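Per-entry structural report
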Amino acid sequence: MPALESTSVRDGWRRFSRNRAALFGLLVIVVTVVVALGADVLAPYDYQEQHFEGLTLEGAPLPPGVPFLIGTDTLGRDLLSRMMHGARTSLIIGVVANGIAVLLGALLGTLAGYVRGWLGTVIMRFTDLMMAFPVLILAIALAAIIGPSLWIVALVIAAVNWVQVARVVYTETTSLSEREFIEATRNLGASNARILFAHIIPHLIPTILVWATLGIATTVLLEATLSFLGIGVQPPMPSWGNIIQESVSYFTTAPWLVFIPGAAILLLALSFNLVGDALRDVLDPTQRGRT
Amino acid sequence: MLRYLGKRIVQAILIVLGITIVTFLLVNLVPADPARMVAGRNASADTVESIRQQLGLDQPLPVQYFAYLGNLVQGDLGRSYIQRIDVSELILARLPATLALLAGAIFFELLIGLPAGIVAAAKRGKFADKAIMVAAFSGVSAPQFVVGLLLLYVFAFELGWFPTRGFGGIWHLVLPALTLGVLGGGWYARMMRSSMVDVLRQDYIRTARAKGAGRTRVVMVHGVRNGILPIVAMIGLDIGIFMNGVVVVETVFGWPGIGQLAWQAIQRLDVPIIMGVTLVAAVGVVIGNLVADIVSPFVDPRIKIR
(Lines give C-alpha, C1' and ligand atoms only; values in the text may rest on other atoms or scores of the structure.)
Protein backbone atom coordinates (compact mmCIF):
# COMPACT_ATOMS: atom_id res chain seq x y z
CA MET A 1 0.00 0.00 0.00
CA PRO A 2 1.59 3.30 -1.06
CA ALA A 3 2.01 6.18 1.36
CA LEU A 4 0.05 9.32 0.61
CA GLU A 5 1.60 11.54 -2.01
CA SER A 6 0.18 14.42 -3.99
CA THR A 7 -0.25 12.50 -7.26
CA SER A 8 -1.86 9.57 -5.49
CA VAL A 9 -4.13 12.00 -3.64
CA ARG A 10 -5.35 13.41 -6.97
CA ASP A 11 -5.75 9.93 -8.40
CA GLY A 12 -7.54 8.80 -5.24
CA TRP A 13 -9.94 11.72 -5.40
CA ARG A 14 -10.75 10.83 -9.00
CA ARG A 15 -11.65 7.29 -7.96
CA PHE A 16 -13.47 8.48 -4.84
CA SER A 17 -15.57 10.98 -6.78
CA ARG A 18 -16.79 8.25 -9.13
CA ASN A 19 -18.60 6.73 -6.13
CA ARG A 20 -21.80 8.76 -5.98
CA ALA A 21 -22.99 7.34 -2.68
CA ALA A 22 -19.72 8.42 -1.08
CA LEU A 23 -20.00 11.92 -2.56
CA PHE A 24 -23.49 12.15 -1.10
CA GLY A 25 -22.07 11.08 2.27
CA LEU A 26 -19.33 13.68 2.04
CA LEU A 27 -21.92 16.37 1.29
CA VAL A 28 -23.99 15.38 4.34
CA ILE A 29 -20.89 15.49 6.54
CA VAL A 30 -19.85 18.92 5.23
CA VAL A 31 -23.36 20.33 5.75
CA THR A 32 -23.48 18.87 9.28
CA VAL A 33 -20.10 20.38 10.14
CA VAL A 34 -21.15 23.80 8.82
CA VAL A 35 -24.44 23.67 10.72
CA ALA A 36 -22.71 22.53 13.90
CA LEU A 37 -20.05 25.26 13.73
CA GLY A 38 -22.52 27.98 12.83
CA ALA A 39 -25.40 26.84 15.04
CA ASP A 40 -25.35 30.10 17.05
CA VAL A 41 -25.83 32.17 13.89
CA LEU A 42 -27.81 29.79 11.71
CA ALA A 43 -30.39 28.58 14.21
CA PRO A 44 -33.66 30.51 13.78
CA TYR A 45 -34.34 30.64 17.53
CA ASP A 46 -32.61 30.27 20.87
CA TYR A 47 -32.60 26.51 21.39
CA GLN A 48 -33.59 26.86 25.06
CA GLU A 49 -36.42 29.35 24.66
CA GLN A 50 -39.83 27.91 25.50
CA HIS A 51 -42.11 29.70 23.05
CA PHE A 52 -45.62 30.51 24.23
CA GLU A 53 -46.85 30.17 20.65
CA GLY A 54 -44.79 26.98 20.32
CA LEU A 55 -47.56 24.89 21.89
CA THR A 56 -51.18 24.34 20.86
CA LEU A 57 -53.98 25.70 23.03
CA GLU A 58 -54.10 22.29 24.71
CA GLY A 59 -50.34 22.47 25.38
CA ALA A 60 -49.30 19.90 22.78
CA PRO A 61 -46.18 20.36 20.64
CA LEU A 62 -46.61 21.81 17.13
CA PRO A 63 -46.09 19.62 14.05
CA PRO A 64 -43.78 20.81 11.25
CA GLY A 65 -45.05 24.05 9.65
CA VAL A 66 -44.67 27.84 9.93
CA PRO A 67 -42.94 29.48 11.76
CA PHE A 68 -41.39 26.41 13.43
CA LEU A 69 -40.24 24.56 10.31
CA ILE A 70 -39.90 21.07 11.74
CA GLY A 71 -42.16 21.63 14.73
CA THR A 72 -41.61 22.18 18.43
CA ASP A 73 -40.91 19.88 21.33
CA THR A 74 -43.06 19.18 24.36
CA LEU A 75 -41.85 22.38 26.05
CA GLY A 76 -42.57 24.55 22.99
CA ARG A 77 -38.91 24.84 21.98
CA ASP A 78 -37.99 25.07 18.29
CA LEU A 79 -36.92 21.59 17.14
CA LEU A 80 -34.79 22.87 14.25
CA SER A 81 -32.68 25.06 16.54
CA ARG A 82 -32.29 22.19 18.98
CA MET A 83 -31.27 19.83 16.18
CA MET A 84 -28.64 22.29 14.96
CA HIS A 85 -27.08 22.54 18.40
CA GLY A 86 -27.45 18.77 18.77
CA ALA A 87 -25.35 18.31 15.62
CA ARG A 88 -22.56 20.07 17.49
CA THR A 89 -22.80 17.58 20.36
CA SER A 90 -22.80 14.59 18.00
CA LEU A 91 -19.76 15.84 16.10
CA ILE A 92 -17.81 16.81 19.23
CA ILE A 93 -18.33 13.33 20.63
CA GLY A 94 -17.69 11.74 17.26
CA VAL A 95 -14.37 13.52 16.85
CA VAL A 96 -13.15 13.49 20.46
CA ALA A 97 -14.22 9.98 21.46
CA ASN A 98 -13.22 8.45 18.20
CA GLY A 99 -9.98 10.44 18.12
CA ILE A 100 -8.95 9.04 21.50
CA ALA A 101 -10.00 5.55 20.43
CA VAL A 102 -8.05 5.72 17.18
CA LEU A 103 -4.92 7.11 18.88
CA LEU A 104 -5.04 4.48 21.60
CA GLY A 105 -5.81 1.67 19.17
CA ALA A 106 -3.11 2.74 16.73
CA LEU A 107 -0.55 3.10 19.51
CA LEU A 108 -1.26 -0.30 21.06
CA GLY A 109 -1.60 -1.99 17.67
CA THR A 110 1.72 -0.63 16.41
CA LEU A 111 3.43 -1.47 19.67
CA ALA A 112 2.11 -5.04 19.69
CA GLY A 113 2.89 -5.53 16.02
CA TYR A 114 6.40 -4.09 16.14
CA VAL A 115 7.70 -5.17 19.54
CA ARG A 116 5.80 -8.50 19.69
CA GLY A 117 7.20 -10.75 22.42
CA TRP A 118 5.26 -11.01 25.65
CA LEU A 119 4.06 -7.40 25.45
CA GLY A 120 2.51 -7.96 22.03
CA THR A 121 0.87 -11.16 23.21
CA VAL A 122 -0.59 -9.48 26.29
CA ILE A 123 -1.99 -6.59 24.23
CA MET A 124 -3.53 -8.80 21.57
CA ARG A 125 -5.02 -11.29 24.03
CA PHE A 126 -6.59 -8.28 25.75
CA THR A 127 -8.18 -7.18 22.48
CA ASP A 128 -9.53 -10.74 22.00
CA LEU A 129 -11.12 -10.43 25.39
CA MET A 130 -12.60 -7.03 24.60
CA MET A 131 -14.06 -8.38 21.35
CA ALA A 132 -16.06 -10.94 23.30
CA PHE A 133 -17.30 -8.33 25.76
CA PRO A 134 -20.88 -7.20 25.36
CA VAL A 135 -19.82 -3.65 24.52
CA LEU A 136 -23.07 -1.84 25.11
CA ILE A 137 -23.66 -3.42 28.52
CA LEU A 138 -20.12 -2.41 29.42
CA ALA A 139 -20.63 1.15 28.16
CA ILE A 140 -23.97 1.51 29.91
CA ALA A 141 -22.62 0.14 33.16
CA LEU A 142 -19.60 2.45 32.99
CA ALA A 143 -21.69 5.52 32.17
CA ALA A 144 -24.16 4.70 34.95
CA ILE A 145 -21.39 4.06 37.48
CA ILE A 146 -19.27 7.13 36.76
CA GLY A 147 -22.23 9.42 36.19
CA PRO A 148 -23.23 10.84 32.83
CA SER A 149 -21.72 13.91 31.19
CA LEU A 150 -20.49 14.85 27.73
CA TRP A 151 -16.86 14.00 28.47
CA ILE A 152 -17.58 10.80 30.36
CA VAL A 153 -19.67 9.62 27.42
CA ALA A 154 -16.76 10.40 25.08
CA LEU A 155 -14.33 8.51 27.35
CA VAL A 156 -16.63 5.51 27.68
CA ILE A 157 -17.04 5.30 23.92
CA ALA A 158 -13.29 5.63 23.44
CA ALA A 159 -12.68 2.85 25.99
CA VAL A 160 -14.89 0.60 23.92
CA ASN A 161 -13.96 1.62 20.37
CA TRP A 162 -10.17 1.31 20.31
CA VAL A 163 -10.21 -2.47 19.99
CA GLN A 164 -11.05 -2.73 16.30
CA VAL A 165 -8.38 -0.17 15.34
CA ALA A 166 -5.77 -1.96 17.45
CA ARG A 167 -6.42 -5.25 15.68
CA VAL A 168 -6.28 -3.84 12.17
CA VAL A 169 -3.14 -1.79 12.89
CA TYR A 170 -1.51 -4.82 14.54
CA THR A 171 -2.04 -7.00 11.48
CA GLU A 172 -0.76 -4.27 9.21
CA THR A 173 2.32 -3.59 11.34
CA THR A 174 3.33 -7.26 11.58
CA SER A 175 3.16 -7.71 7.82
CA LEU A 176 4.97 -4.42 7.22
CA SER A 177 7.84 -5.17 9.58
CA GLU A 178 8.55 -8.41 7.71
CA ARG A 179 8.90 -6.64 4.36
CA GLU A 180 12.32 -6.35 2.68
CA PHE A 181 12.58 -2.57 2.78
CA ILE A 182 12.23 -2.56 6.57
CA GLU A 183 14.86 -5.29 6.79
CA ALA A 184 17.11 -3.24 4.50
CA THR A 185 16.64 -0.09 6.59
CA ARG A 186 17.52 -2.03 9.71
CA ASN A 187 20.67 -3.42 8.10
CA LEU A 188 21.67 0.13 7.19
CA GLY A 189 21.73 0.81 10.91
CA ALA A 190 18.49 2.71 11.43
CA SER A 191 17.27 2.82 15.02
CA ASN A 192 13.93 1.32 16.06
CA ALA A 193 12.48 4.79 16.55
CA ARG A 194 13.55 5.82 13.06
CA ILE A 195 12.13 2.66 11.48
CA LEU A 196 8.86 3.17 13.32
CA PHE A 197 8.34 6.86 12.68
CA ALA A 198 9.93 7.24 9.26
CA HIS A 199 8.98 3.95 7.64
CA ILE A 200 6.20 2.06 9.39
CA ILE A 201 3.83 4.74 10.65
CA PRO A 202 3.55 6.59 7.30
CA HIS A 203 2.38 3.33 5.74
CA LEU A 204 -0.21 2.87 8.46
CA ILE A 205 -1.85 6.25 7.86
CA PRO A 206 -4.25 5.18 5.08
CA THR A 207 -5.56 2.29 7.21
CA ILE A 208 -5.92 4.52 10.25
CA LEU A 209 -7.75 7.12 8.16
CA VAL A 210 -10.27 4.53 6.97
CA TRP A 211 -10.93 3.22 10.47
CA ALA A 212 -11.12 6.71 11.91
CA THR A 213 -13.91 7.51 9.44
CA LEU A 214 -15.81 4.27 10.01
CA GLY A 215 -15.33 4.69 13.76
CA ILE A 216 -17.16 8.03 13.78
CA ALA A 217 -20.27 6.23 12.50
CA THR A 218 -20.09 3.78 15.40
CA THR A 219 -19.45 6.63 17.83
CA VAL A 220 -22.43 8.67 16.64
CA LEU A 221 -24.68 5.62 17.07
CA LEU A 222 -23.28 4.76 20.49
CA GLU A 223 -23.70 8.34 21.75
CA ALA A 224 -27.28 8.44 20.48
CA THR A 225 -28.03 5.12 22.16
CA LEU A 226 -26.53 6.15 25.51
CA SER A 227 -28.37 9.48 25.38
CA PHE A 228 -31.61 7.71 24.44
CA LEU A 229 -31.23 5.52 27.54
CA GLY A 230 -30.79 8.69 29.60
CA ILE A 231 -27.17 8.06 30.56
CA GLY A 232 -25.52 10.00 27.77
CA VAL A 233 -25.47 13.73 27.16
CA GLN A 234 -27.63 15.45 29.78
CA PRO A 235 -30.14 18.26 29.22
CA PRO A 236 -30.12 21.23 28.83
CA MET A 237 -27.36 20.43 26.33
CA PRO A 238 -29.25 19.04 23.34
CA SER A 239 -28.10 15.93 21.51
CA TRP A 240 -30.05 14.00 18.89
CA GLY A 241 -30.27 11.06 21.26
CA ASN A 242 -31.58 13.02 24.24
CA ILE A 243 -34.11 14.94 22.11
CA ILE A 244 -35.62 11.54 21.32
CA GLN A 245 -35.35 10.43 24.93
CA GLU A 246 -37.24 13.51 26.15
CA SER A 247 -40.13 13.01 23.74
CA VAL A 248 -40.30 9.24 23.38
CA SER A 249 -43.35 8.89 25.61
CA TYR A 250 -45.31 11.18 23.26
CA PHE A 251 -44.18 9.49 20.08
CA THR A 252 -47.63 8.31 19.01
CA THR A 253 -48.99 11.88 19.11
CA ALA A 254 -45.81 13.75 18.16
CA PRO A 255 -43.87 11.31 15.95
CA TRP A 256 -41.76 14.06 14.35
CA LEU A 257 -39.98 14.57 17.67
CA VAL A 258 -38.65 11.03 17.45
CA PHE A 259 -38.27 10.42 13.75
CA ILE A 260 -36.65 13.68 12.60
CA PRO A 261 -33.71 13.35 15.03
CA GLY A 262 -33.73 9.60 14.33
CA ALA A 263 -33.37 10.24 10.61
CA ALA A 264 -30.55 12.71 11.31
CA ILE A 265 -28.63 10.10 13.34
CA LEU A 266 -29.11 7.52 10.61
CA LEU A 267 -28.06 9.93 7.87
CA LEU A 268 -24.89 11.05 9.65
CA ALA A 269 -23.82 7.51 10.59
CA LEU A 270 -24.62 6.29 7.07
CA SER A 271 -22.57 9.12 5.56
CA PHE A 272 -19.49 8.31 7.62
CA ASN A 273 -19.89 4.63 6.70
CA LEU A 274 -20.22 5.39 2.99
CA VAL A 275 -17.22 7.72 2.99
CA GLY A 276 -15.13 5.29 5.06
CA ASP A 277 -15.99 2.41 2.75
CA ALA A 278 -15.11 4.44 -0.35
CA LEU A 279 -11.85 5.54 1.29
CA ARG A 280 -11.01 1.92 1.92
CA ASP A 281 -11.58 1.05 -1.73
CA VAL A 282 -9.44 3.99 -2.81
CA LEU A 283 -6.62 3.60 -0.31
CA ASP A 284 -6.43 -0.14 -0.02
CA PRO A 285 -8.23 -2.36 -2.49
CA THR A 286 -6.97 -5.55 -0.85
CA GLN A 287 -8.53 -5.12 2.53
CA ARG A 288 -12.21 -5.76 2.99
CA GLY A 289 -13.43 -6.65 6.44
CA ARG A 290 -16.75 -6.91 8.12
CA THR A 291 -17.52 -3.22 8.36
CA MET B 1 -8.56 -31.63 14.27
CA LEU B 2 -8.77 -32.68 17.92
CA ARG B 3 -5.75 -30.52 18.72
CA TYR B 4 -7.36 -27.59 16.96
CA LEU B 5 -10.57 -28.16 18.88
CA GLY B 6 -8.73 -28.46 22.19
CA LYS B 7 -6.75 -25.30 21.56
CA ARG B 8 -9.87 -23.32 20.70
CA ILE B 9 -11.71 -24.53 23.80
CA VAL B 10 -8.76 -23.62 26.05
CA GLN B 11 -8.64 -20.17 24.43
CA ALA B 12 -12.36 -19.73 24.99
CA ILE B 13 -12.03 -20.64 28.66
CA LEU B 14 -9.13 -18.20 29.09
CA ILE B 15 -11.18 -15.41 27.51
CA VAL B 16 -14.09 -16.09 29.86
CA LEU B 17 -11.66 -16.04 32.78
CA GLY B 18 -10.30 -12.70 31.58
CA ILE B 19 -13.80 -11.34 31.33
CA THR B 20 -14.52 -12.30 34.94
CA ILE B 21 -11.43 -10.32 36.01
CA VAL B 22 -12.34 -7.23 33.98
CA THR B 23 -15.98 -7.27 35.10
CA PHE B 24 -14.91 -7.72 38.68
CA LEU B 25 -12.46 -4.81 38.60
CA LEU B 26 -14.99 -2.67 36.76
CA VAL B 27 -17.82 -3.02 39.22
CA ASN B 28 -15.46 -2.36 42.07
CA LEU B 29 -15.12 1.15 40.71
CA VAL B 30 -18.68 1.75 41.86
CA PRO B 31 -18.63 4.71 44.22
CA ALA B 32 -21.85 3.49 45.85
CA ASP B 33 -21.37 1.26 48.88
CA PRO B 34 -22.99 -2.15 48.25
CA ALA B 35 -23.24 -2.93 51.96
CA ARG B 36 -25.18 0.28 52.48
CA MET B 37 -27.48 -0.62 49.58
CA VAL B 38 -28.22 -4.05 51.00
CA ALA B 39 -28.79 -2.69 54.49
CA GLY B 40 -31.17 0.01 53.37
CA ARG B 41 -31.17 3.73 53.95
CA ASN B 42 -32.14 3.70 57.62
CA ALA B 43 -29.70 1.07 58.83
CA SER B 44 -27.20 1.99 61.54
CA ALA B 45 -23.47 2.06 60.90
CA ASP B 46 -23.11 -1.16 62.92
CA THR B 47 -25.60 -3.01 60.72
CA VAL B 48 -23.87 -1.82 57.57
CA GLU B 49 -20.55 -2.97 58.99
CA SER B 50 -21.85 -6.43 59.87
CA ILE B 51 -23.37 -6.81 56.40
CA ARG B 52 -20.07 -5.76 54.91
CA GLN B 53 -18.39 -8.58 56.83
CA GLN B 54 -21.17 -11.02 55.94
CA LEU B 55 -20.74 -10.30 52.21
CA GLY B 56 -16.98 -10.46 52.53
CA LEU B 57 -16.65 -6.89 51.28
CA ASP B 58 -14.09 -6.06 53.99
CA GLN B 59 -11.63 -8.53 52.46
CA PRO B 60 -8.87 -7.40 50.08
CA LEU B 61 -9.84 -7.41 46.38
CA PRO B 62 -7.88 -10.53 45.29
CA VAL B 63 -9.47 -12.52 48.12
CA GLN B 64 -12.90 -11.28 47.07
CA TYR B 65 -12.17 -12.18 43.46
CA PHE B 66 -11.16 -15.75 44.21
CA ALA B 67 -14.18 -16.19 46.46
CA TYR B 68 -16.32 -14.93 43.55
CA LEU B 69 -14.59 -17.28 41.13
CA GLY B 70 -15.02 -20.22 43.51
CA ASN B 71 -18.74 -19.59 43.70
CA LEU B 72 -18.90 -19.10 39.94
CA VAL B 73 -17.47 -22.54 39.28
CA GLN B 74 -20.32 -23.97 41.34
CA GLY B 75 -22.82 -22.02 39.28
CA ASP B 76 -23.38 -19.40 41.97
CA LEU B 77 -23.49 -15.89 40.53
CA GLY B 78 -24.24 -14.23 43.87
CA ARG B 79 -27.45 -12.63 45.10
CA SER B 80 -29.21 -9.52 43.93
CA TYR B 81 -28.67 -6.68 46.41
CA ILE B 82 -32.17 -5.38 45.99
CA GLN B 83 -34.40 -8.29 45.06
CA ARG B 84 -32.60 -10.73 47.42
CA ILE B 85 -32.89 -13.53 44.87
CA ASP B 86 -30.07 -15.62 43.40
CA VAL B 87 -28.77 -13.96 40.25
CA SER B 88 -28.55 -17.32 38.46
CA GLU B 89 -32.26 -17.82 39.16
CA LEU B 90 -33.12 -14.35 37.80
CA ILE B 91 -31.05 -14.90 34.66
CA LEU B 92 -32.41 -18.39 34.03
CA ALA B 93 -35.94 -17.04 34.27
CA ARG B 94 -35.17 -14.34 31.68
CA LEU B 95 -32.95 -16.34 29.35
CA PRO B 96 -35.69 -18.10 27.31
CA ALA B 97 -37.16 -14.74 26.24
CA THR B 98 -33.75 -13.50 25.04
CA LEU B 99 -33.03 -16.76 23.24
CA ALA B 100 -36.39 -16.56 21.47
CA LEU B 101 -35.56 -13.00 20.46
CA LEU B 102 -32.15 -14.08 19.11
CA ALA B 103 -33.70 -16.95 17.14
CA GLY B 104 -36.25 -14.57 15.62
CA ALA B 105 -33.51 -12.05 14.82
CA ILE B 106 -31.40 -14.68 13.04
CA PHE B 107 -34.46 -15.74 11.05
CA PHE B 108 -35.13 -12.17 9.91
CA GLU B 109 -31.54 -11.25 9.12
CA LEU B 110 -31.19 -14.29 6.88
CA LEU B 111 -34.58 -13.61 5.31
CA ILE B 112 -33.55 -10.04 4.53
CA GLY B 113 -29.82 -10.37 3.95
CA LEU B 114 -29.37 -13.50 1.85
CA PRO B 115 -31.80 -12.68 -1.01
CA ALA B 116 -30.59 -9.07 -1.04
CA GLY B 117 -26.96 -10.22 -1.31
CA ILE B 118 -27.78 -12.74 -4.04
CA VAL B 119 -29.64 -10.18 -6.15
CA ALA B 120 -26.87 -7.61 -5.65
CA ALA B 121 -24.20 -10.10 -6.78
CA ALA B 122 -26.25 -11.21 -9.78
CA LYS B 123 -26.78 -7.57 -10.82
CA ARG B 124 -23.24 -6.54 -9.96
CA GLY B 125 -22.45 -2.94 -10.88
CA LYS B 126 -26.03 -2.23 -11.96
CA PHE B 127 -28.53 0.05 -10.27
CA ALA B 128 -30.13 -2.77 -8.23
CA ASP B 129 -26.71 -3.66 -6.80
CA LYS B 130 -25.97 -0.09 -5.78
CA ALA B 131 -29.43 0.46 -4.31
CA ILE B 132 -29.19 -2.75 -2.28
CA MET B 133 -25.74 -1.87 -0.98
CA VAL B 134 -26.84 1.60 0.14
CA ALA B 135 -29.86 -0.01 1.82
CA ALA B 136 -27.56 -2.52 3.51
CA PHE B 137 -25.38 0.32 4.75
CA SER B 138 -28.47 2.10 6.05
CA GLY B 139 -29.41 -1.06 7.93
CA VAL B 140 -26.09 -1.13 9.76
CA SER B 141 -26.11 2.66 10.29
CA ALA B 142 -29.60 2.84 11.77
CA PRO B 143 -29.83 3.36 15.53
CA GLN B 144 -31.75 0.36 16.78
CA PHE B 145 -34.01 2.32 19.10
CA VAL B 146 -35.15 4.42 16.14
CA VAL B 147 -35.80 1.33 14.00
CA GLY B 148 -37.73 -0.20 16.89
CA LEU B 149 -39.80 2.92 17.46
CA LEU B 150 -40.48 3.25 13.72
CA LEU B 151 -41.69 -0.35 13.45
CA LEU B 152 -43.80 0.18 16.56
CA TYR B 153 -45.30 3.35 15.13
CA VAL B 154 -46.11 1.96 11.69
CA PHE B 155 -47.06 -1.65 12.37
CA ALA B 156 -48.41 -1.50 15.90
CA PHE B 157 -50.00 1.96 16.28
CA GLU B 158 -50.99 2.97 12.75
CA LEU B 159 -51.76 -0.39 11.18
CA GLY B 160 -52.47 -2.33 14.36
CA TRP B 161 -51.04 -5.56 12.96
CA PHE B 162 -48.89 -6.35 15.96
CA PRO B 163 -49.16 -5.87 19.72
CA THR B 164 -47.32 -2.78 20.98
CA ARG B 165 -45.29 -4.12 23.86
CA GLY B 166 -44.62 -7.03 26.11
CA PHE B 167 -44.26 -10.75 25.95
CA GLY B 168 -46.61 -13.38 24.66
CA GLY B 169 -47.07 -15.40 21.53
CA ILE B 170 -45.22 -15.27 18.25
CA TRP B 171 -46.88 -11.95 17.33
CA HIS B 172 -45.12 -10.20 20.18
CA LEU B 173 -41.82 -11.49 18.88
CA VAL B 174 -42.06 -10.16 15.31
CA LEU B 175 -41.26 -6.47 15.79
CA PRO B 176 -38.37 -6.76 18.28
CA ALA B 177 -36.81 -9.59 16.26
CA LEU B 178 -37.22 -7.60 13.06
CA THR B 179 -35.52 -4.61 14.70
CA LEU B 180 -32.42 -6.71 15.39
CA GLY B 181 -32.77 -8.42 12.01
CA VAL B 182 -32.50 -5.12 10.12
CA LEU B 183 -28.97 -4.59 11.46
CA GLY B 184 -27.89 -8.19 10.86
CA GLY B 185 -29.58 -8.20 7.47
CA GLY B 186 -27.35 -5.33 6.40
CA TRP B 187 -24.23 -7.31 7.36
CA TYR B 188 -25.49 -10.46 5.65
CA ALA B 189 -26.38 -8.66 2.43
CA ARG B 190 -22.80 -7.37 2.22
CA MET B 191 -21.19 -10.71 3.11
CA MET B 192 -23.50 -12.73 0.87
CA ARG B 193 -22.79 -10.39 -2.01
CA SER B 194 -19.03 -10.68 -1.71
CA SER B 195 -19.20 -14.44 -1.25
CA MET B 196 -21.41 -14.76 -4.35
CA VAL B 197 -19.18 -12.45 -6.37
CA ASP B 198 -16.24 -14.73 -5.53
CA VAL B 199 -18.16 -17.82 -6.57
CA LEU B 200 -19.54 -16.33 -9.81
CA ARG B 201 -15.96 -15.57 -10.86
CA GLN B 202 -14.94 -19.25 -10.74
CA ASP B 203 -14.20 -21.33 -13.81
CA TYR B 204 -16.97 -23.85 -13.20
CA ILE B 205 -19.51 -21.04 -13.40
CA ARG B 206 -18.17 -20.09 -16.83
CA THR B 207 -18.27 -23.78 -17.83
CA ALA B 208 -21.89 -24.07 -16.75
CA ARG B 209 -22.77 -20.96 -18.73
CA ALA B 210 -20.85 -22.29 -21.76
CA LYS B 211 -22.76 -25.56 -21.59
CA GLY B 212 -25.94 -23.59 -22.07
CA ALA B 213 -27.31 -23.19 -18.53
CA GLY B 214 -29.36 -20.00 -18.21
CA ARG B 215 -28.05 -17.09 -16.16
CA THR B 216 -30.73 -17.41 -13.52
CA ARG B 217 -30.15 -21.14 -13.21
CA VAL B 218 -26.40 -20.65 -12.82
CA VAL B 219 -26.84 -18.01 -10.14
CA MET B 220 -29.52 -19.86 -8.22
CA VAL B 221 -28.19 -23.42 -8.42
CA HIS B 222 -24.41 -23.19 -8.74
CA GLY B 223 -23.85 -19.77 -7.26
CA VAL B 224 -26.13 -19.83 -4.24
CA ARG B 225 -25.31 -23.38 -3.26
CA ASN B 226 -21.61 -22.61 -3.06
CA GLY B 227 -21.86 -19.04 -1.89
CA ILE B 228 -24.26 -19.58 0.99
CA LEU B 229 -22.38 -22.15 3.08
CA PRO B 230 -19.44 -20.05 4.27
CA ILE B 231 -21.89 -17.32 5.24
CA VAL B 232 -24.27 -19.53 7.19
CA ALA B 233 -21.33 -21.14 8.98
CA MET B 234 -20.69 -17.78 10.59
CA ILE B 235 -24.10 -17.42 12.26
CA GLY B 236 -22.38 -18.02 15.58
CA LEU B 237 -20.65 -14.66 15.28
CA ASP B 238 -24.04 -12.90 15.27
CA ILE B 239 -24.50 -13.46 18.97
CA GLY B 240 -21.78 -10.89 19.56
CA ILE B 241 -23.52 -8.33 17.38
CA PHE B 242 -26.94 -8.98 18.86
CA MET B 243 -25.89 -8.93 22.51
CA ASN B 244 -25.36 -5.19 22.16
CA GLY B 245 -28.75 -4.60 20.60
CA VAL B 246 -30.57 -6.75 23.11
CA VAL B 247 -30.47 -4.13 25.88
CA VAL B 248 -31.95 -1.40 23.70
CA VAL B 249 -34.51 -3.54 21.89
CA GLU B 250 -35.75 -5.22 25.05
CA THR B 251 -36.10 -1.80 26.68
CA VAL B 252 -38.03 -0.30 23.76
CA PHE B 253 -40.39 -3.27 23.43
CA GLY B 254 -40.67 -4.20 27.10
CA TRP B 255 -39.33 -7.65 26.26
CA PRO B 256 -38.57 -9.49 29.52
CA GLY B 257 -35.14 -10.87 28.65
CA ILE B 258 -31.68 -10.51 30.19
CA GLY B 259 -31.13 -7.17 28.43
CA GLN B 260 -34.05 -5.62 30.27
CA LEU B 261 -32.83 -7.28 33.47
CA ALA B 262 -29.40 -5.69 32.97
CA TRP B 263 -30.90 -2.28 32.26
CA GLN B 264 -33.06 -2.39 35.40
CA ALA B 265 -30.07 -3.52 37.44
CA ILE B 266 -27.83 -0.77 36.05
CA GLN B 267 -30.34 1.90 37.03
CA ARG B 268 -30.32 0.63 40.62
CA LEU B 269 -26.60 -0.26 40.67
CA ASP B 270 -27.49 -3.84 41.52
CA VAL B 271 -23.93 -5.01 40.95
CA PRO B 272 -24.30 -8.83 41.12
CA ILE B 273 -26.95 -8.75 38.38
CA ILE B 274 -24.84 -6.48 36.14
CA MET B 275 -21.89 -8.84 36.57
CA GLY B 276 -24.03 -11.91 36.00
CA VAL B 277 -25.63 -10.66 32.79
CA THR B 278 -22.32 -9.38 31.41
CA LEU B 279 -20.75 -12.75 32.09
CA VAL B 280 -23.61 -14.77 30.61
CA ALA B 281 -23.68 -12.54 27.51
CA ALA B 282 -19.91 -12.85 27.12
CA VAL B 283 -20.05 -16.63 27.48
CA GLY B 284 -22.74 -16.62 24.79
CA VAL B 285 -20.50 -14.60 22.48
CA VAL B 286 -17.51 -16.88 23.14
CA ILE B 287 -19.58 -20.02 22.47
CA GLY B 288 -20.94 -18.45 19.29
CA ASN B 289 -17.43 -17.63 18.07
CA LEU B 290 -16.25 -21.12 18.99
CA VAL B 291 -19.08 -22.72 17.00
CA ALA B 292 -18.30 -20.53 13.99
CA ASP B 293 -14.59 -21.43 14.27
CA ILE B 294 -15.36 -25.13 14.41
CA VAL B 295 -18.04 -25.22 11.71
CA SER B 296 -16.39 -22.94 9.13
CA PRO B 297 -13.40 -25.18 8.18
CA PHE B 298 -15.78 -28.12 7.59
CA VAL B 299 -18.01 -26.10 5.35
CA ASP B 300 -15.34 -24.13 3.54
CA PRO B 301 -12.12 -26.11 3.03
CA ARG B 302 -10.34 -22.92 1.94
CA ILE B 303 -10.28 -21.86 5.59
CA LYS B 304 -7.17 -23.55 6.97
CA ILE B 305 -7.21 -25.15 10.36
CA ARG B 306 -4.45 -23.64 12.43
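Residues numbered from 1 in each chain as written. Chains lettered and ligands numbered in written order. Predicted model: local features only at pLDDT ≥ 70, side-chain atom pairs only at ≥ 80, totals over all residues.

1. Here we look at the overall build of chain A
The helix and strand tally for chain A stands at eleven helices and zero strands. The order of α-helices and β-strands along chain A, N terminus first, is α-α-α-α-α-α-α-α-α-α-α. A principal-axis box enclosing the C-alpha atoms of chain A has dimensions of 80 × 45 × 30 Å. Counting the 291 residues in chain A, one finds 47% classified as buried. The contacts of chain A with a sequence gap of at least 6 include a subset with a gap of at least 24, amounting to 72%. (Helix = DSSP H or I, 4+ residues; strand = E, 2+ residues; numbered from the N terminus. Buried ≥ 20, exposed ≤ 12 C-beta atoms within 10 Å, placed from the backbone. Contact = placed C-beta atoms within 7 Å.)

2. Re the interface of chain A and chain B
Contact with chain A, which involves 33 residues of that partner, is made by 37 residues of chain B. Counting only elements with at least two residues in the side of chain A that touches chain B, the list comes to α5 (117-132), α6 (135-146), α9 (192-228) and α11 (256-283) of chain A. In terms of residue count, α11 of chain A provides more of the side of chain A that touches chain B than any other element does, nine residues in total. Residues that form the side of chain A that touches chain B fall into these classes: 26 nonpolar, four polar and three charged. (Nonpolar A, V, L, I, M, F, W, Y, C, P; charged D, E, K, R; others polar.)

3. Some remarks on the packing of helix α5 (residues 87-122) of chain B against helix α12 (residues 258-267) of chain B
Residue and element names in this part refer to chain B. Interhelical geometry of α5 versus α12 gives an angle of 130° and a closest axis separation of 7 Å. By the angle between their axes, α5 is oblique relative to α12. For the pair α5 and α12, contact is made by Leu90, Ile91, Arg94, Leu95 and Thr98 and by Ile258, Gly259 and Leu261, respectively. (Axes fitted to C-alpha atoms, helices over the stretch in contact; angles between N-to-C directions. Parallel < 35°, antiparallel > 145°, perpendicular 65-115°, else oblique.)

4. Points about helix α4 (residues 79-115) of chain A
With 37 residues, α4 of chain A extends 52 Å between its outermost C-alpha atoms, agreeing within 8% with the 54 Å of an ideal straight helix rising 1.5 Å per residue. Among the residues trailing α4 of chain A, Arg116 of chain A stands out with phi positive, at a value near 50°. (Expected span 1.5 Å × (residues − 1).)

5. Here we look at the environment of Leu269 of chain B
Position of Leu269 of chain B relative to the elements: it lies in the loop between α12 and α13 (271-299). Sequence separation between Leu269 of chain B and Phe127 of chain B is 142 residues, and the spatial gap between their C-alpha atoms is 51 Å.

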